[in-house]
Amino acid sequence: MKKILCAAVALLIAFTACACGKSGGKERFSSEIYDFFDTVTVVTAYDESETEFNEKLSLFTEKLSEYDGLYDIYAPRDSLINLYTINERAGKAPVKADGRIIELLEYGKRAYEFTLGKVNICMGPVLSLWHECREEAAAQPDKARLPDISALEKAAKHTDTDDLIINEDDSTVFFADPDMKLDAGAIAKGYAAEKLAEWAKENLWSSAVINIGGNVCAFGSKNDDGETPWKIGVESPKKSAENYAEIVEIKEGCVVTSGDYQRFYTVNGKKYCHIIDPATLMPAEYVSSVTVVCENSALADALSTALFNMDIDRGKALVDGMNGVEALWIDKEGEKYYSSGFKEYIKNKRYRQ
């Protein structure tokens, strides 16, 4: 599962480390960054020269590394207080945390409310059981197993978001339930992508696309001309010659997909994906993928997970109640369903049904 490039959403440009186009004196450069958030990050931007692009890319990589370290739940990072450290200590006493962690966790608590409980960053006790089984299956596929349902139900008793106590003034985190653990996987990449894109736009480039494992943030414009939108390909869960289910065109915004076809493992011939429905404690099976388009990557990340965990009609009702949010669902048979305004982002009629 390590270092997977989530191809659920992919830029329709050539990913190379050298210049791949010119516009108004600026050239388009693209580069891949490995080892962060267990995936591949692709940065594409317009700059004066390859030297300038690489210098800025180095600054971006430092920022990306910081967020990766802070939001890691699987390992300590030297003297850094990260989510792993908080999980180890916050059940005993309040833990002083970096402001970027406090902001992430506060957003996670809000996400629980606006996703109707379908995104819960306090699901660590449940998700750790699934993670353990996936890791075992990766090492020994013939011994793949599901978590024991009684163990899942017991773990679910320690997932109440009200037990996550955040003191914003003191910048501390405390677990009122000592058996609770955090897992911010449903929002961490999207939240980091949003913050990194904001910082990059302010400090590095006027036009760029940042793709952190399928969490795509775009700003400026393709060709850096202020007019041409970026084209983002939404991968089809069922591999085909075309490979893309839709082509989304945006200038300022984000595209995020959650799906069952990138990260999964197999038990007795059945595939079990990594997205766990808090209501059933099992992988959701409503659709194969959900893609969300909106202005904020953190919101898109949370909503794509939430919508994956509910039926299409309920998901449409949720999206229709939000301003500036559109979604595309692809069911198990490959049929596509759209929120009311999603097709406004689809300019290439070749991909329309």
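Above this text sits the structure in question.
Computed from a predicted structure; not experimentally measured. (Residues numbered from 1 in each chain as written. Predicted model: local features only at pLDDT ≥ 70, side-chain atom pairs only at ≥ 80, totals over all residues. Heavy atoms only, no water.)

Student: Requested: an account of the nonpolar core, with residues and values cited.
Tutor: If you look at the biggest cluster of nonpolar residues, it comprises 74 residues, and the most contacted ones within it are Phe60, Tyr71, Leu83, Ile86 and Trp205. If you tally residues by element for this core, the top one is helix H7 (residues 297–308), at 8 residues. Discounting chain neighbours no more than four positions away, the residues touching Ile86 are Ile81, Val95, Ala97, Ile101, Val173, Phe175 and Leu182. In this structure, Val234, Val255, Val293 and Tyr338 belong to the second largest nonpolar core, which totals 17 residues. (Core = buried A, V, L, I, M, F, W, Y, C linked by side-chain atoms within 4.5 Å. Buried < 20%, exposed > 50% of the residue type's maximum accessible area, 1.4 Å probe, protein only. Helix = DSSP H or I, 4+ residues; strand = E, 2+ residues; numbered from the N terminus. Contact = heavy atoms within 4.5 Å.)

Student: Any details on helix H3 (residues 99–114)? Residues and values, ideally.
Tutor: Think of an α-helix as turning once every 3.6 residues; residues three or four places apart then point the same way. Here H3 contains 16 residues, and its C-alpha end-to-end distance of 23 Å stays within 8% of the 22 Å for a straight helix at 1.5 Å per residue. Those residues of H3 that sit buried are Ile101, Ile102, Leu104, Leu105, Tyr107, Gly108 and Ala111. On the buried face of H3, the contacting elements are helix H1 (50–70), helix H2 (83–89), strand E6 (164–167), strand E7 (172–175), helix H6 (188–203) and H7. The distance from a side-chain oxygen at the start of H3 to the backbone nitrogen of Arg100 is 2.7 Å, and the residue carrying that oxygen is Asp98. Taken from the residues just after H3, Leu116 is the one with a positive phi, measuring 60°. (Expected span 1.5 Å × (residues − 1). Polar contact = N/O pair within 3.5 Å; in protein donor to acceptor, adjacent residues only side chain to side chain.)

Student: Any details on unusual backbone geometry? Residues and values, ideally.
Tutor: Of note, Ser171 is a non-glycine position whose phi angle comes to about 55°, a positive value. Positive phi outside glycine occurs at Asp224, with the angle close to 55°. With respect to the helices and strands, Asp224 occurs in the loop between strand E9 (215–219) and strand E10 (230–235). Overall, the relative accessible area of 24% leaves Asp224 in the partly exposed class.

Student: Before we move on, could you go through the pairing of strand E15 (residues 289–294) and cite the residues and values that matter?
Tutor: Looking down a regular strand, the side chains alternate between one sheet face and the other. Counting buried positions over the 6 residues of E15 gives 6, a clear majority of the element. Along E15, one buried face is formed by Ser289, Thr291 and Val293 and the opposite face, lined by Val290, Val292 and Cys294, is buried too. Looking at chain direction, strand E12 (residues 253–259) and E15 are connected through 6 bridges and run antiparallel. Its bridge partner being in E15, Thr257 is matched across the sheet by Thr291. In terms of strand pairing, E15 meets strand E16 (residues 326–330) through 5 bridges, oriented antiparallel. Within E16, the residue paired with Val293 across the bridge is Glu326. (Pairing = 2+ DSSP bridges.)

Student: Help me get a handle on the sheet that holds E6, residues and values and all.
Tutor: The sheet built from 3 strands is open, its strands ordered E5-E7-E6 with antiparallel pairing. The two strands at the open ends of the sheet, each matched to only one other strand, are strand E5 (95–96) and E6. Along the sheet, H3 contacts E6 and E7; its crossing angle with E6, the most-contacted strand, is approximately 130°. (Axes fitted to C-alpha atoms, helices over the stretch in contact; angles between N-to-C directions.)

Student: Residue-level account of the packing of H3 against H6, with values.
Tutor: The contact between H3 and H6 brings their axes to 11 Å, and the two run at 125°. Here H6 runs oblique to H3, going by the angle between their axes. By crossing handedness, the relation of H3 to H6 is classed as right-handed. Every residue of H6 that contacts H3 at Glu103, Leu104 and Tyr107 is listed here: Ala188, Tyr191 and Lys195. Within the contact of H3 with H6, the residues separate by chemical class into 4 nonpolar, no polar and 2 charged. (Parallel < 35°, antiparallel > 145°, perpendicular 65-115°, else oblique. Left-handed = near helix turned anticlockwise from the far one by under 90°. Nonpolar A, V, L, I, M, F, W, Y, C, P; charged D, E, K, R; others polar.)

On their own, these measurements won't tell you what the molecule is for.
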